[in-house]
Structure formats: structure tokens, C-alpha cells
Amino acid sequence: IQDNFVLSCQPTIYHGNTDYLKMKLAAFDVPSVEDVSLVKQKEYLSVGIPPKQVEHEFIVTAEQELPTNYKLDLSHFFVGQYLDVAGLTINRGFQGVVRRWGYKGQKQTGPGKTHRR
């Protein structure tokens, strides 16, 4: 877990209850601030953290609310607690063997068209 910050906590209605909050977290520093819109730059400046690449909102109860600009790190969790973790691939989608494993195919000399497959 690196540089996860709480951007905001706003009241929201969830399943008809008003006891819930919408907590927005941000992670991963942006390599270049010029890539971030001015609206987002102002939002991050008002909180006091550098612009981030990823933002995600979570529905939490009032007891689970964290203050704005709170750095979420490993000390927030306790031993034995389960976490849902998502990963990111290289974003190539579903590919064939040539691109995925570098298969070169058959030799292209001699009779026949097998090398085209």
C-alpha cells in the first residue's frame, strides 16, 4: 500500500438509509501535473496532497469514517483481517500465442502454405 489518501467523505443514501458515507480514496502519484485537469488540481490542493492517478469511492458507515487527508497505510489494518485486492495487467486483452508467448511459427521455405497459419 503506497500513498493512499482520503479525499472526501460525504453523506449519501444507501438502501434507503442515510447513515452511510461516500468516502473517496486516491492513490499513485501522477508523473506529470500537466496531465491533470485544473478542476482536479484544485480539489487536491484544497485537501493538501499531490494529484493522484487513481480515485475510487467506497460506501462506509459513520463509524468507519476517516478524516480528510488521512494517509491509509498498513497500520490501519490488523493481523488476520481479509482484504479484497485488485490487480492490473498489461492491458493487451485476449491474445493469440504469437503475441502472448512469442511463437514464431513454421519456417517459410519449401512447398506449401503451412507457414501462413
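So, here is what we can say about the structure in this document. (Residues numbered from 1 in each chain as written. Predicted model: local features only at pLDDT ≥ 70, side-chain atom pairs only at ≥ 80, totals over all residues. Heavy atoms only, no water.)

Mapping N69 onto the fold places it in the loop between strand 3 (52–61) and strand 4 (71–72). Sequence separation of N69 and N4 is 65 residues, and the distance between their C-alpha atoms is 9.4 Å. Setting aside its immediate chain neighbours within four residues, N69 contacts F5, V6, V47, G48 and I49. One polar contact links the side chain of N69 to the main-chain carbonyl oxygen of V47, over a distance of 3.2 Å. (Helix = DSSP H or I, 4+ residues; strand = E, 2+ residues; numbered from the N terminus. Contact = heavy atoms within 4.5 Å. Polar contact = N/O pair within 3.5 Å; in protein donor to acceptor, adjacent residues only side chain to side chain.)

On to the sheet that holds strand 3, then. One open sheet accounts for 4 strands, arranged 3-2-1-4; its pairing is antiparallel. Strand pairing shows two members of the sheet lacking a second neighbour, strand 3 and strand 4, which therefore form its edges. Judged from the 9 bridges that link them, strand 2 (residues 17–29) and strand 3 form a sheet pairing that is antiparallel. Note on strand 3: the bridge partner recorded for D29 is K52. (Pairing = 2+ DSSP bridges.)

Attention now moves to the pattern of salt bridges. Inspection of the entire model under this criterion finds 6 salt bridges. Here K71 and D3 are joined by a salt bridge, their closest N and O atoms 3.7 Å apart. Here the residue K71 occupies a position in strand 4, and D3 occupies one in the segment before strand 1 (4–14), the gap between them amounting to 68 residues. Classification of K71 as partly exposed rests on a relative accessible area of 40%. For D3, a relative accessible area of 28% gives the class partly exposed. For the salt bridge of K40 with E43, the shortest nitrogen-to-oxygen distance reads 3.4 Å. Placement of both K40 and E43 in helix 1 (residues 38–47) is noted, with a separation of 3 residues, approximately one turn of the helix. Under the relative-accessibility criterion, K40 is labelled partly exposed at 27%. Classification of E43 by relative accessible area gives partly exposed; the value is 22%. (Salt bridge = Lys/Arg side-chain N within 4 Å of Asp/Glu carboxyl O. Buried < 20%, exposed > 50% of the residue type's maximum accessible area, 1.4 Å probe, protein only.)

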